[in-house]
Amino acid sequence: MTNNTFQIGLDYAIATDKADALAPFKSKFHFPQHQGRDCIYFCGNSLGLQPKSLAEAMDVEMKTWQNLAVGGYFGGTNPWLRYHEYLQPSLTSIMGASTKEITLMNSLTVNLHLLMLSFYKPSIDRYQIIMEAGAFPSDQYAIETLVKHFGLDPDQAIIEISPREGEKLLREEDILETIAQAGGKLAMVMMGGINYYTGQFYNLEAITKAAHAVGAIAGFDLAHVAGNIPLQLHDWQVDFAVWCSYKYLNAGPGAVGGVFVHEKWASNSDTARLAGWWGNDEQTRFKMEKGFHAKPNASGWNISTTQVFNMIGLKASLAIFDEAGIQALREKSMQLTAYLEWLLQQLPNLNFEIITPSDPHFRGAQLSLYFKDQGRAIHDKMIENGIIVDYREPGVIRVAPAPLYCSFEDVYQFYSILKAHF
Ligand SMILES: Cc1ncc(COP(=O)(O)O)c(C=O)c1O
């Protein structure tokens, strides 16, 4: 299926769903209800849906706690001592990393702070951090307070890359050029993988290469990428990355955060970090002795006891990812988003602009639509019709057809409402 073969009409959408091998996965999720029917849900870039398998998975751990109490760390169906390790194998294919390079702990911004503290070592000569202008506020605050923590002035230490005058997206050449120009002053590049607002996916490999070429570290916030676009973090030589599990990974509100630390750093127990007993080598952890001995892998960054009840949702969801396959999901996602884009292009009377890149390799599931005058009204009309999308001032509706639970028919319904009312 390509843009040339897309067709207008509900029949076409329904037939495409019938031919879609991933269509049955929709039934594995709970949907919010609207007038007795499942909503159409395009907000998986904010909070993913609940897997139906979660209630039973929760119950298993509730029973273990009930029946074994402290014995649950070593007994029961999923001994808690190693709970975060159960999540690593599925994430290896999603993130392109080995199990040794992935850990689960805390939450996204907390992990961003911890990892930046590991890798940001400002000196008199080398202290600058490059980030995107308009990054998610939490990232802005994290980087601002990090440099202040080291007694530096954010205006001097932080270089923000902006789109050119009159443009909304960052040009890759400008990112690479800014890195090269910062040169020996650059300590770290810390960018989002996908910008939350525009939906632009950056070339992580090229950015990492450029950062390394000037001797800087490359770290990424992959909140909008994890479970959306398959990555190759190890091969791209990314130094570290953090993400949340509550968006495309469907692990539930505030679920455990994910961390990648490249093997070259993770295997070295001397790599700097702030430590706690859960990152200590298991041979000596329970000896309760003085002196931290980091595990020689990303789990050496874990600080506290595994947050079991914050991980069950991720475990349930990753089982679904394993079944569907991240590559197959990405292929469907590219088609669904291209179909949405194509349908929107069939609405010449609507005064709007698609901010997200038109090249499918530089976007994930999300399209950000800037409606020049009727954004709020369109958003409200969608909600009134049981279609959940989000709205950001000044007139941007973000639509994210997540391939696990969105269909071609869902996308067609979105188009139909626009066509009928605007
Ligand atoms: C790109 C990005 N970074 C950071 C955050 C903040 O994550 P948390 O509140 O889990 O720390 C979000 C939340 O949506 C986000 O989208």
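Rules used throughout
Residues numbered from 1 in each chain as written. Predicted model: local features only at pLDDT ≥ 70, side-chain atom pairs only at ≥ 80, totals over all residues. Helix = DSSP H or I, 4+ residues; strand = E, 2+ residues; numbered from the N terminus. Rg over C-alpha atoms; globule rule 2.2 N^0.38 Å. Contact = placed C-beta atoms within 7 Å. Near = placed C-beta within 6 Å. Pairing = 2+ DSSP bridges. Axes fitted to C-alpha atoms, helices over the stretch in contact; angles between N-to-C directions. Core = buried A, V, L, I, M, F, W, Y, C linked by C-beta atoms within 7 Å. Buried ≥ 20, exposed ≤ 12 C-beta atoms within 10 Å, placed from the backbone. Domains from an automatic or database assignment. Nonpolar A, V, L, I, M, F, W, Y, C, P; charged D, E, K, R; others polar. Expected span 1.5 Å × (residues − 1). Parallel < 35°, antiparallel > 145°, perpendicular 65-115°, else oblique. Left-handed = near helix turned anticlockwise from the far one by under 90°.

Engineer: What should I look at first to understand the overall build of the chain in this one?
Structural biologist: Within the chain one finds 14 helices and 17 strands. Taking 422 residues into account, the globule formula puts the C-alpha radius of gyration at 22 Å, and the chain, at 22 Å, falls close to it. Taken over the C-alpha atoms alone, the chain extends approximately 70 × 60 × 30 Å along its principal axes. Summarising the internal contacts of the chain: among those between residues at least 6 apart in sequence, 71% fall at separations of at least 24.

Engineer: Sorry if this is basic, but what is going on with the site of the ligand here?
Structural biologist: Around the ligand sit S107, L108, T109, F136, S138, D139, G192, Y196, D221, A223, H224 and C244, and those are all the residues in its vicinity. Elements with a minimum of two residues in the shell around the ligand: α4 (108–119) and α5 (137–149).

Engineer: Would you mind showing me how to read the sheet that holds strand β17 (residues 396–399) here?
Structural biologist: Strands belonging to one sheet form pairs held by backbone hydrogen bonds; the direction of such a pair is parallel or antiparallel. With respect to topology, four strands assemble into an open sheet ordered β13-β14-β17-β16, the strand pairing being antiparallel. Each edge of the open sheet is held by one strand with a lone partner, namely β13 (352–354) and β16 (390–392). The sheet shows a mean angle of 25 degrees between the axes of neighbouring strands, taken without regard to direction. As paired strands, β13 and strand β14 (residues 367–371) are joined by three bridges and run antiparallel to one another. The residue of β14 that forms the bridge with I354 is L369. Seen against the sheet, helix α12 (residues 326–345) touches β13, β14 and β17 and runs at an angle of roughly 20 degrees to β14. Helix α13 (residues 375–384) contacts β14, β16 and β17 of the sheet and is inclined by roughly 40 degrees relative to β17.

Engineer: How should the nonpolar core be read in this particular structure?
Structural biologist: Within soluble globular proteins, side chains that are nonpolar tend to cluster in buried spots. With 116 residues, the main nonpolar core has I129, V189 and F260 as its most contacted residues. Counting the residues that make up this core, at least three belong to each of domain 1 (3–45 + 327–421) and domain 2 (59–321). Leave out the neighbours within four places in its chain, and F260 touches M95, A97, E101, I102, L233, V238, F240, A241 and A298.

Engineer: Would you mind showing me how to read the domain arrangement of the chain here?
Structural biologist: How big an interface is tends to be stated in terms of the accessible area lost upon association of its parts. Once the domains are mapped, the chain shows domain 1 (3–45 + 327–421) and domain 2 (59–321). Here the C-alpha centroids of domain 1 and domain 2 sit 30 Å apart. Across the boundary between the two partners, domain 1 contributes 20 residues, which contact 16 residues of domain 2. Taken together, the elements giving at least two residues each to the side of domain 1 that touches domain 2 come down to α12 and β14. The residue makeup of the side of domain 1 that touches domain 2, split by class, is nine nonpolar, seven polar and four charged.

Engineer: I keep staring at α5 and nothing clicks. Help me out?
Structural biologist: Along an α-helix, residues three or four apart share an orientation, since each turn contains 3.6 residues. Compared with the 18 Å implied by 1.5 Å per residue over 13 residues, the 18 Å span of α5 between its first and last C-alpha is a close match. Here the buried face of α5 lies against α4, β7 (128–132), α6 (154–157), β8 (158–161), β9 (186–192) and β10 (217–221).

Engineer: What should I look at first to understand helix α14 (residues 408–421) in this one?
Structural biologist: Helix length check: α14 (14 residues) gives 20 Å between terminal C-alpha atoms against 20 Å at 1.5 Å per residue, within 8%. Here the buried face of α14 lies against α1 (10–18), β4 (40–41), α12, α13, β15 (387–388) and β17.

Engineer: Any chance you could explain unusual backbone geometry here in plain terms?
Structural biologist: In terms of backbone geometry, most residues other than glycine have negative phi values and most peptide bonds are trans. A cis amide bond links E393 to the next residue, P394, at an omega of 5 degrees. Note that P394 resides in the loop between β16 and β17. Of note in the backbone geometry, Q237 takes a positive phi value of approximately 70 degrees without being a glycine. Summarising the element assignment, Q237 is placed in the loop between β10 and β11 (240–243). One non-glycine residue, N250, adopts positive backbone phi at about 55 degrees. Topologically, N250 is positioned in the loop between β11 and β12 (257–261). Overall, the presence of 28 C-beta atoms within 10 Å leaves N250 in the buried class.

Engineer: Whenever I open this one, the sheet that holds β11 confuses me. Can you help?
Structural biologist: The mixed open sheet is built from seven strands, whose spatial order is β6-β12-β11-β10-β9-β7-β8. Of all strands in the sheet, those with a lone pairing partner are β6 (102–105) and β8, marking the two edges. On average, each strand axis in the sheet is inclined to that of its neighbour by 20 degrees, with strand direction left out of account. Here β9 runs beside β10; their pairing, made up of five bridges, is parallel. When the bridges of β10 are listed, M191 appears paired with F220. Docked against the sheet, α5 engages β7, β8, β9 and β10, running at close to 170 degrees with respect to β7. Its contacts with the sheet put helix α7 (residues 172–182) on β7, β8 and β9, and the angle it makes with β8 is roughly 160 degrees.

Engineer: For this particular structure, what's the right way to read the packing of α7 against helix α8 (residues 204–213)?
Structural biologist: Each pair of packed helices gets described by two things: the angle between the helix axes and the distance between those axes. One way to put it is that α7 packs onto α8 with a least axis distance of 9 Å and a crossing angle of 15 degrees. Overall, the two elements α7 and α8 adopt an arrangement that is roughly parallel. The interaxial crossing formed by α7 with α8 has right-handed handedness. In this structure, α7 uses E172, I175, L176, I179 and A180 to contact α8, whose residues at the interface are A206, I207, A210 and A211. Along the lines of polarity and charge, the residues of the contact of α7 with α8 split into eight nonpolar, no polar and one charged.

Engineer: I keep staring at the pairing of β11 and nothing clicks. Help me out?
Structural biologist: Looking down a regular strand, the side chains alternate between one sheet face and the other. Side chains F240 and V242 project from β11 onto one buried face, and the interleaved A241 and W243 project onto a second face that is buried too. Pairing of β11 with β12 involves four bridges; the strand directions are antiparallel. Counterpart to V242 in the pairing with β12 is V259.

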